[in-house]
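Understanding the architecture of this molecule
What follows is the residue order along each chain.
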Amino acid sequence: MGGLCKVPPLTAVLACVGATSKFFSTKTCMSQLVEHLNQIATFASDGPVILVGTRSAEVVGVQPTLAAISDALRGVLASRAPVMRFARFHQVDGESRCFFAVENSAGCDGDETFGQLAQAIVDAARELPSVDCTIPVPWLRVHCELRRRLDEGVRRLPLHQVRSIAKQCGLPHDGLSLEVELEAMLAHFHSLGVIFWLEASHTRELVVLDVQWLLDAMTCLIRNFDLHPMPGDTRAQRAMETEWISLCRSAELHDGLLRYLWANKEFADSKLSLLSTMEHFGLLVSVPGRPVMILPPLLAFGGADALPPMAHTLSECYMHFSLAEQRFPDLLWSPEHFATGFLPKAAFYRIVAASIGWCYNTTAGFDPLLGRNRCDVAFGCSRLSFSLTTGQPVIRVTVRQGKPLEIIDRLRLISRSVLTRFGNLRLRFLIAVPGATNSYVELDTLSNTSSASVMYIDGIPGATTLQTLGTLLGPWLPPPHPPENFDVMLSYRWGPTDSELADALYDWLSATHVGNRAMVVFQDKRRLQDGERFDFAFMRAMLSSRVCCPIISLDALARMVFLDANSPVDNVLLEWSLALHLHEQYGLRVIPILQGPREQLPDGAAGWRITDLFATRPPKLRADLKGYEVNKKGVPIADDRSIFNRVPNVQVRSINERLDEFCSRYNLRLVPNHRTPHQVVHEVTHFLGLLLWQLQSNTSAPHTSRTASGAECWGMYSTVANKILKAVEQVQLGEEQKARI
């Protein structure tokens with residue numbers, strides 16, 4: 001993967017070359033070029049880059065020469081755009097230029113540089129790994145058929161039609177099912193840019209042959225409405241004036257506006273897939289409980305210039321972004337280092353979008369405040385603000401309420417998810433050193449620095465030890481030793497749905513107090529230490545917990561469906577088996593949390609709702625857990641059994657052996673009668689648990705608009721957290737009563 005980047009007209013570059021260094025630092029054509037190159041670098045750090053300068057005839061015969069312009073460009077870009085080390089240079093009469101200078105008006109016949117440029121592109125393309133990749137002949141037939149459809153004006157196809165085309169072209173190969181090979185082929189075509197297709201549940205049914213169609217649909221919603229009016233705008237303003245004003249001023253898109261903005265039948269018919277695609281890329285955030293979506297990129301056009309001043313500031317940190325190739329100090333930073341780096345606007349919008357979504361999912365009765373350069377959100381009980389620092393690749397995070405450590409943990413998880421789409425982008429968390437003069441500490445480096453290290457910090461007399469620094473930054477740092485006991489252990493299957501619930505509960509519970517102390521929660525990805533034996537670590541945590549909360553869902557149970565006597569250890573089943581044993585022998589409180597699959601709200605409304613897990617009858621699952629088994633027509637094979645009754649009633653030796661090993665090592669009573677997976681699942685569900693589909697119907701109103709008071713019941717997760725808190729308080733009260741006796 002590489003980039004073809006157009007340099008601004010060479011006459012503009014000529015003006016830059018003759019200017020001062022101060023001119024270079026402003027938003028001129030040079031800074032725009034740096035921005036474009038760094039955008040390329042976030043996705044393709046080592047891809048070939050070819051620069052093209054236009055209107056070269058206007059520069060010929062004047063000073064400086066093209067060679068001098070090239071040297072000046074190279075000097076600026078080398079320090080500000082690391083990807084330039086992969087630039088293809090143009091050799092002309094013994095000179096090496098960092099761009100190809102072409103004259104637009106001459107065309108290919110009148111300017112030989114066009115031919116040299118074309119050859120450079122071909123040479124660069126031949127070095128790409130995708131060029132050497134062999135593709136099965138039936139896949140090529142499918143590709144040719146899709147191109148033929150595109151030439152006929154078909155811009156997108158439903159997945160079932162592409163499946164039929166694949167069968168006609170000879171898929172699947174022996175030993176493969178049609179569904180497996182079809183997904184592999186579409187994913188490969190997507191990686192090459194031939195089509196656009198995402199495997200996510202609500203986007204997989206749409207195969208886009210012309211990416212411009214997708215961009216056209218998004219542009220109907222994300223644009224400067226004053227500068228780029230469209231035919232449906234007038235009707236939308238007349239029919240839904242209040243909602244139109246909210247869209248333009250507050251970036252709030254009411255679901256009803258889509259009938260005007262996406263009046264095109266092609267867009268209207270693909271509404272769900274388009275919205276899901278935009279949400280996938282952080283361009284849209286659904287608001288639970290309301291027919292409204294937030295479009296963060298619109299804040300650049302219509303967001304408020306200023307938000308009300310923050311009432312209280314507890315502490316601050318800085319999120320600094322850069323390209324992987326850029327180098328910075330290991331531990332101590334000064335303000336000068338903040339100016340170097342790169343923060344793509346798309347990354348900022350995605351972090352804001354994810355934070356807004358997390359706010360709506362975990363906080364009841366709180367409305368995020370959105371401005372052009374600031375966003376106020378809540379993570380459970382915590383309150384914080386994001387603000388952009390002008391001219392710096394930095395997001396300033398102001399904590400107004402809550403524990404800084406828990407907030408920064410959540411920001412790490414949100415950012416980690418966002419940065420997976422920017423492969424070459426790096427994030428560092430920086431904290432100002434209290435009492436120091438313009439000195440900042442990089443948190444992750446601090447945690448990995450030797451405790452014997454000594455440093456000298458401006459404004460702090462004498463040498464500063466790591467222990468002293470840790471004391472100064474205490475609220476941002478984890479405790480030096482992990483807790484020995486936990487109030488709650490969260491047991492769940494890693495995956496988009498269950499992980500989101502576990503994350504939300506961890507945030508809520510960790511910000512809650514039991515009596516006069518903070519609640520201590522075990523979540524594996526937050527608590528496990530490097531080098532620990534994973535299974536024994538979470539089993540020890542359960543042994544020292546007051547309450548265990550197994551999250552029971554279709555995702556959690558699906559993997560158990562295919563267990564047999566010789567299966568390897570399923571960690572979720574191991575946790576649930578141990579929970580039953582500890583409940584029987586030692587009185588561990590078990591509160592299962594059950595959630596069914598999510599389904600889209602009816603009548604095309606934005607958002608989703610949780611269905612009844614007991615009533616769910618999904619089609620026959622595939623052994624690889626990537627969808628369902630299908631018949632020869634590509635239709636999923638029905639299965640009338642509940643997911644609970646599909647879990648096998650067979651002893652799994654690895655589970656039994658691991659339980660016995662753990663009990664023996666920690667001098668616990670051995671399990672008298674080992675359970676089968678079927679028995680474990682049914683016994684866990686017999687505890688008095690929390691059914692999310694019932695809680696959601698009691699705490700949300702999907703089809704109602706905002707009430708006059710602004711108080712909306714979005715807090716399903718907070719309701720669950722409060723019920724768990726009451727259970728912990730009951731267990732602690734019982735322990736205190738026993739101690740008094």
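First, a word on what this report is: a plain description of the structure on this page. (Residues numbered from 1 in each chain as written. Predicted model: local features only at pLDDT ≥ 70, side-chain atom pairs only at ≥ 80, totals over all residues. Heavy atoms only, no water.)

What about the packing of helix α26 (residues 571-586) against helix α27 (residues 653-665)?
At a minimum axis separation of 10 Å, α26 and α27 run at an interaxial angle of 50°. As the angle between them shows, α26 and α27 are arranged oblique. Considering only the axes of α26 and α27, their crossing is right-handed. Together, Leu573, Leu574, Ser577, Leu578 and His581 of α26 and Ile655, Arg658, Leu659, Phe662 and Cys663 of α27 make up the contact between the two elements. By residue class, the composition of the contact of α26 with α27 is 7 nonpolar, 2 polar and 1 charged. (Axes fitted to C-alpha atoms, helices over the stretch in contact; angles between N-to-C directions. Helix = DSSP H or I, 4+ residues; strand = E, 2+ residues; numbered from the N terminus. Parallel < 35°, antiparallel > 145°, perpendicular 65-115°, else oblique. Left-handed = near helix turned anticlockwise from the far one by under 90°. Contact = heavy atoms within 4.5 Å. Nonpolar A, V, L, I, M, F, W, Y, C, P; charged D, E, K, R; others polar.)

Considering the packing of aromatic side chains
This model, assessed by the stated rule, comprises 16 aromatic pairs. Here tryptophan 213 and phenylalanine 267 contribute two aromatic rings whose centre-to-centre distance is 5.6 Å and whose plane-to-plane angle is 50°, an arrangement assigned as tilted. Residue tryptophan 213 is located in helix α10 (residues 211-219), and its partner phenylalanine 267 is located in helix α14 (residues 265-269); the two are separated by 54 residues in the primary sequence. Residue classification places phenylalanine 267 among the buried residues on the basis of a relative accessible area of 6%. (Phe/Tyr/Trp six-rings, centres within 6.5 Å; stacked < 30°, edge-to-face > 60°. Buried < 20%, exposed > 50% of the residue type's maximum accessible area, 1.4 Å probe, protein only.)

Comments concerning unusual backbone geometry
Following leucine 171, the chain continues to proline 172 via a peptide bond in cis, the omega torsion being 0°. Summarising the element assignment, proline 172 is placed in the loop between α8 (159-168) and α9 (178-192). Positive phi, normally seen in glycine, also occurs at alanine 251, with a value near 60°. Inspection of the secondary structure assignment puts alanine 251 in the loop between α12 (241-250) and β8 (252-254).

Considerations on helix α28 (residues 677-685)
Taken as a whole, α28 has its buried residues at Pro677, His678, Val680, Val681, Val684 and Thr685. An end-on view of α28 places all buried positions within 165° of arc, on one side of the element. Of the surrounding elements, those touching the buried residues of α28 are β25 (545-553), α25 (554-558), α26 and β27 (593-595). (Arc of directions from axis to C-beta.)

Some details on empty space enclosed by the protein
In total, this model carries 4 cavities of 30 Å³ or more according to the counting rule given. Its volume calculated, the largest cavity comes out at about 60 Å³. If you go around the largest cavity, the residues you meet are Ser577, His581, Ile655, Asn656, Leu659, Val671, His674, Arg675 and Val680. Among the elements of the structure, α26 and α27 are those that each provide at least two residues to the lining of the largest cavity. (1 Å grid on protein atoms, 1.4 Å probe; cavity = no way out; pocket = protein on both sides within 12 Å on 5 of 7 lines; lining within 4 Å. Points joined across faces, edges and corners; volume = space filled by probe spheres on them.)

Structural notes on the nonpolar core
Counting residues in hydrophobic clusters, the biggest one holds 183 residues, and the most contacted among them are Trp262, Met319, Phe386, Val488, Trp576, Ile593 and Ile724. Looking at this core, the element that brings in the most residues is helix α18 (residues 345-362), giving 10 residues. Look past the residues within four positions of methionine 319 in its chain and what remains in contact with it is Ile351, Phe386, Pro393, Val394, Ile395, Val397, Leu411, Ser415, Leu427, Arg428 and Phe429. Formed by 20 residues, the second largest nonpolar core is a distinct cluster that contains Val142, Leu159, Ile195 and Trp197. (Core = buried A, V, L, I, M, F, W, Y, C linked by side-chain atoms within 4.5 Å.)

With respect to the packing of α18 against helix α19 (residues 404-419)
At a minimum axis distance of 10 Å, the contact between α18 and α19 shows a crossing angle of 130°. Compared by their axis directions, α18 and α19 come out oblique. Classified by chirality, the crossing of α19 by α18 is right-handed. Between α18 and α19, the residues in contact are Ala347, Arg350, Ile351, Ala354, Ser355 and Trp358 and Arg410, Ile414, Ser415 and Val418, respectively. Partitioning the contact of α18 with α19 into residue classes produces 6 nonpolar, 2 polar and 2 charged.

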